[in-house]
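Spelled out from the first residue to the last, the chains are:
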Amino acid sequence: MRRFVFPVFWAVLLLVSLLPASLAAQTRVPAELKPSAEQPIDAGATAKIRRYTTAPEFNSPLTDYLPASATVPSPSAVLGDVAGAPGILPYTAEVNRYFRMLAAASPRVRVISIGTSEEGRERIAVAVSSEANLEHQEENTARLAQLADPRLLKMDDAQAASLITSSVPVYYITGTIHSPETGAPTALMELAYRLAVDESPYIRAIREHVITLITPVVEVDGRDRMVDVYRWHLAHPKANVPLLSYWGHYVAHDNNRDAMGMTLSLSRQVLDTYLAWHAQVLHDLHESVPFLYDNTVGDGPYNAWVDPILTNEWQMFGWTNVAQMTKLGMPGVFTHGDFDTWSPGYLMFMAAMHNGVSRLYETFGNGGADTETRELDASATSRTWYRQNPPYRTVSWSQRNNNNYEETGLLISLAFTAENRELLLRSFWEKSKRSITKPEREGPAAYVLPADDRRPGAQAELLRVLQLQHVEISRADRPFTVAVERDKDTDTDKDRDKNKDTDKAKDKTPTPRTFPAGSYVVRMDQPFSRAADALLDRQYWSPDDPQKHPYDDTGWCFPALFDTEAVRVTDRQVLAAPMSRVEAPVRLRGGVSGSGPVLLVAQRGDDAMFRLRYGLGDATVDAAAEPFKAAGRDYPRGTWIVRGAPPEAVDAVSRAAAEAGVAVDAVAAAPKVATRPVAKPRIALLHTWISTQTEGWWRQRLDLLKIPYDYISTQNVAADASLATRYDVILFPPVGLGDPQRIVSGLPMWGEPMPWKTTPETPNLGKIDATDDQRPGLGFAGLDHLRQFVEQGGLLVGVEDTAQLLIATGMAPGVRVTNAKSLRVVGSVLDARFPDPTSPIADGLGDRLSVYSAEGMSFELSNAAVGGWTEDEEDRPTGRGGPKDTDVPQGRPAEPPPPTPAKVERWEARPLRIEEMRRKFSVIPEALRPRTLVRFGDADDLLVSGLLEHGGELARRAAVVEVPLGKGHLLLFAINPIWRGSTIGSHPLVWNAILQHVSFGAAGAEKR
Ligand SMILES: [Zn+2]
């Protein structure tokens, strides 16, 4: 029995705990983890914990009681009940308030504000450790900083050894990045309380030998919306609960795919905190799989750029968790499973890319704090070699159960860290050292981003991403020459065509290449070389890989997706090139130079130009249809010629150009060159209420570029018969549900309305957009209004499933989605080309572009509204001769062989046959025929990065098509040009279409 203890006991404990860690007796982690019999307990809270746990085996001796404290408040001070109590989900501010109460009451807890979200909510980190550790935290951080960057110790193992024995490791836990996964905040409140007050020897060992760092709510905006929805459900228990239409401000589940692009505040703040503390572990809490899946062990293929030391650490932690929790009698704990650890896009993977240990729990949650009966799939409950004690088929499950699992797993992991702190710190040192010695170990030595890149804006964006990843960047002081492999991705476009044959032979003979001064160098002899290497290298997922269900994108090669060159250099001479560290954020300098009434903006395909257009006010802007020379300089096709900016506006233009980072040349006279107007259209971004996830990446980019637009829903479109009076361009980004019909039908209309709006009951809903009822979809009226909008002159952009919808509803005669038979693409980077490089859509782009394809979607074209598709060639019929011969009917002269059909490219429509021409109604008039603007590359070159199987089915097919309709047109994308902040290269496809929308229909028709 536990009992209350004498004050003398406390006095001794206090004395011991005030001593610096090095002087205090080193507390051993007991061989068996269990609470001390002397530990005073809070009887009331303990009874509630037991009541809220639905079966004894869903708790452990580590969490089936609550320690008592006379001075430190337990979570009930804010919650009004114990953590995980039914019906209770705290808002972010309540969670933060509790941690500040805890810090105020206990010298073992410290709260740090780590920043605010897109909507201004505070994100915190909470450090829990012994008084001595927190008092000497700065010294400890300084020691860890040297282990994190072995260059500071001249790579000396002896010096490191003394730091390893004297340092306290940092274990960073992050909660509820996914808003419907609601359990972590209360579990972490209680965990911090236990770590602060419990005097059991194993807890004391954790406290003395580990700094536990906690961000209880990662997605602070989504958390508050989720709590609103849950409270609405409590107030309306019989009604259908509104869908959580928005989690974070921009994206939902994909907030856990931003660890590459670093576009969200949560990614940047968690990484900055992780690295500021030089933490050894980043452990992210999720809820979807019963009952606890420690998924970092998962399954192959493992990411190809991590240190194998790390993958062994995954196994160590994972199997320790399984073994310990199995001993405690908790069912359904496992660590091997079908999650592959390939993509570095997950929040936890920041640790993997920065010499730490990444970990992720999936526990089982109900999406709220109700206790419910759950029925599980056979696949989740079968006994397998790695899951000997599987979850139950039917189970009554509570939030408290979930909290028990989360806390028990974490306590075991923290005790393991305390016990094995030297092992982990030595690994940390070793991994950091091996990242620095990468050039002489596995290579490469560096990546070089040449100073004369065709797209300096995209290059700057890529370098900024690396800087957000805390990767060191250098810049060459002088030109330098190193040996590089002649790889198809490192040659210039011109060379590539010239060397097509050698390219096919994959000639890897090193040849010297000189890079100009000012070229950027990403050295691999730095601590975070792996973060850079994983983003800058290419990925290959074998079609024969035993893993047949890639968990996420298989390819992400950033230089390809940014359409910028990053040359992989293995020649270690590169490290001796004269160069200086770039300390300030990489950013293009912009502004107006020269003088004269005409402004020229060289077309480089920068996002910034799109932004600049809206800063140019009412000036007349045209794009050159051809390259030209002016004032002794060469300007590429698509360069903007700005006329009629009043002299007093030049200042404003100069400011706008400086802010956008765009160089503008003022010249005396406009060049003589054919031009196309560059408009400043009125834009609407269209979303559904069933999913805003994929659209969110588009909205984010428009916001980042400060582009004015209206954010409208399918319900607004259904109610608005005069869209053309309000908008010139409607962007309809992918919905991502794989079923376009649902966009029209919306949700079933039975039951009560499902509101999404700001009310006293739901103060955090609405805001981004609002509706009285989420259920109605686009409907047939909405479809009709979209058609009218286009017919009256608008540009409607459909992407992936929204393009599929527009095709299926008859708005794009002569276009169909290719029905591929055995093609396999899973989030891959593919090669694309421009059939007509003079098309406005190609402005600022070369003759080829790497694009993101989610599933290998493509289009086929026909010149008829009915039929007219190109069929694959069939074998000759049975008859005389061989497979290449023609048959000869006997007893009559042979017919002349049919004329060889004109060669039709795969992205084109074939000429109609005589019989098809007879069906006059079906023949699409010349001016209304669809046209391919972007096509996929040839079979040999199609795969840039990721998985591609049976690519021949996709090669040379249409990727982006333009379809005239009335006075306007549709632009249909089979690829997604704006995805996860990582497809900067293909953004101009959208910006060009928007700004030059008038040139598509009319100019395009003339060409035909
Ligand atoms: Zn999750």
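Residues numbered from 1 in each chain as written. Predicted model: local features only at pLDDT ≥ 70, side-chain atom pairs only at ≥ 80, totals over all residues. Heavy atoms only, no water.

Caption draft 1: Spotlight on the environment of Pro-930. With respect to the helices and strands, the residue Pro-930 is situated in the loop between α30 (914-918) and β35 (931-936). Along the sequence, Pro-930 and His-278 sit 652 residues apart, while their C-alpha atoms lie 56 Å from each other. Ignoring sequence-local partners within four residues, the contact set of Pro-930 consists of Pro-813, Gly-814, Val-815, Leu-861, Ser-862, Ile-924, Glu-962, Val-963 and Pro-964. (Helix = DSSP H or I, 4+ residues; strand = E, 2+ residues; numbered from the N terminus. Contact = heavy atoms within 4.5 Å.)

Caption draft 2: Structural detail: the nonpolar core. Counting 159 residues, the largest nonpolar core has Phe-99, Leu-147, Leu-191, Tyr-405, Leu-466 and Val-522 as the members making the most contacts within it. In terms of residues, this core owes the most to one element, helix α8 (residues 184-197), which gives 9 residues. Those residues within four positions of Leu-466 in sequence are excluded, and the remaining contacts are Val-471, Ile-473, Val-522, Ala-532, Leu-535 and Leu-536. Judged by nonpolar contacts, the second largest core, of 76 residues, contains Ala-623, Trp-640, Leu-702 and Val-960. (Core = buried A, V, L, I, M, F, W, Y, C linked by side-chain atoms within 4.5 Å. Buried < 20%, exposed > 50% of the residue type's maximum accessible area, 1.4 Å probe, protein only.)

Caption draft 3: Highlighting the pairing of strand β1 (residues 109-116). Strand direction decides the pairing type here: β1 and strand β2 (residues 122-128), joined by 7 bridges, are antiparallel. Opposite Ser-113, over in β2, you have Ile-124 as the bridge partner. Between the antiparallel neighbours β1 and β2 lie 5 residues, among them Gly-120 with a positive phi of about 90°. (Pairing = 2+ DSSP bridges.)

Caption draft 4: Fine view of the coordination of the zinc ion. Protein ligation of the zinc ion involves His-178 (ND1), Glu-181 (OE), Glu-181 (OE) and His-286 (ND1), the donor distances falling in the range 2.1 to 2.4 Å. Around the zinc ion, the 4 donor atoms sit at angles spanning 55 to 150°, and that spread fits a shape best called irregular. Written as a sequence motif, the donor residues of the zinc ion are H-x2-E-x104-H. (Donors = N, O, S within 2.8 Å, 3.2 Å for Na, K, Ca; no water. Tetrahedral: all angles 85-135°; square planar, octahedral: opposite > 155°, others 65-115°.)

Caption draft 5: Broad picture of the packing of helix α22 (residues 607-615) against helix α23 (residues 647-660). Where α22 meets α23, the axes come as close as 9 Å, and the angle between the chain directions of the two elements is 160°. Relative to α23, the element α22 is oriented roughly antiparallel. Seen from above, α22 lies across α23 with right-handed handedness. Contacts between α22 and α23 involve Ala-608, Arg-611, Leu-612 and Gly-615 on the former and, on the latter, Ala-656, Ala-657, Glu-659 and Ala-660. In the contact of α22 with α23, the residues fall into 5 nonpolar, 1 polar and 2 charged. (Axes fitted to C-alpha atoms, helices over the stretch in contact; angles between N-to-C directions. Parallel < 35°, antiparallel > 145°, perpendicular 65-115°, else oblique. Left-handed = near helix turned anticlockwise from the far one by under 90°. Nonpolar A, V, L, I, M, F, W, Y, C, P; charged D, E, K, R; others polar.)

Caption draft 6: Molecular detail of the sheet that holds β1. One open sheet accounts for 8 strands, arranged β1-β2-β4-β3-β5-β8-β6-β7; its pairing is mixed. Because the sheet does not close on itself, it has two edges, and the strands there are β1 and β7 (333-340). Along the sheet, successive strands turn relative to each other by an average axial angle of 25°, direction set aside. In this sheet, β7 lies alongside strand β6 (residues 292-299) in parallel orientation, the contact comprising 4 bridges. Within β7, the residue paired with Leu-292 across the bridge is Val-333. Sheet strands touched by α8: β1, β2, β3 (170-174), β4 (211-215) and β5 (281-287). Its angle to β4, the strand with the most contacts, is close to 155°.

Caption draft 7: How the structure looks around the packing of helix α6 (residues 137-148) against helix α16 (residues 421-436). Contact geometry of α6 with α16 gives a least axis separation of 8 Å together with a crossing angle of 45°. Considering their axes alone, α6 and α16 lie oblique with respect to each other. Only Leu-425, Phe-428, Trp-429 and Ser-432 of α16 make contact with α6, whose side of the interface consists of Leu-144, Gln-146, Leu-147 and Ala-148.

Caption draft 8: Quick peek at the sheet that holds strand β16 (residues 567-569). An order of β16-β11-β15-β12-β17 is seen for the 5 strands of this open sheet, with the pairing classed as antiparallel. This sheet does not close on itself; its edge strands, each paired only once, are β16 and β17 (579-582). When the angles between neighbouring strand axes are averaged without regard to direction, this sheet yields 30°. Pairing geometry for strand β11 (residues 446-449) and strand β15 (residues 520-523), over 4 bridges, is antiparallel. Each bridged residue has a counterpart across the sheet, and for Tyr-447 the counterpart in β15 is Val-522.

Caption draft 9: A look at the packing of aromatic side chains. The tally for this structure, following the rule as stated, stands at 33 aromatic pairs. Aromatic pair Phe-291 and Tyr-392: ring centres 6.0 Å apart, planes at 90°, arrangement edge-to-face. Of the two residues, Phe-291 is situated in the loop between β5 and β6 and Tyr-392 in the loop between α14 (378-381) and β10 (394-397); the sequence distance between them amounts to 101 residues. Relative to Tyr-405, the ring of Phe-291 lies with its centre 5.9 Å away and its plane at 50°, an arrangement referred to as tilted. Placement of Phe-291 in the loop between β5 and β6 and of Tyr-405 in helix α15 (residues 399-419) is noted, with a sequence separation of 114 residues between them. Of the residues examined, Tyr-405 reaches a relative accessible area of 0% and is grouped as buried. Through a chain of ring-to-ring contacts, the aromatic side chains of Phe-58, Phe-291, Phe-364, Tyr-392, Trp-397 and Tyr-405 assemble into a single cluster. (Phe/Tyr/Trp six-rings, centres within 6.5 Å; stacked < 30°, edge-to-face > 60°.)

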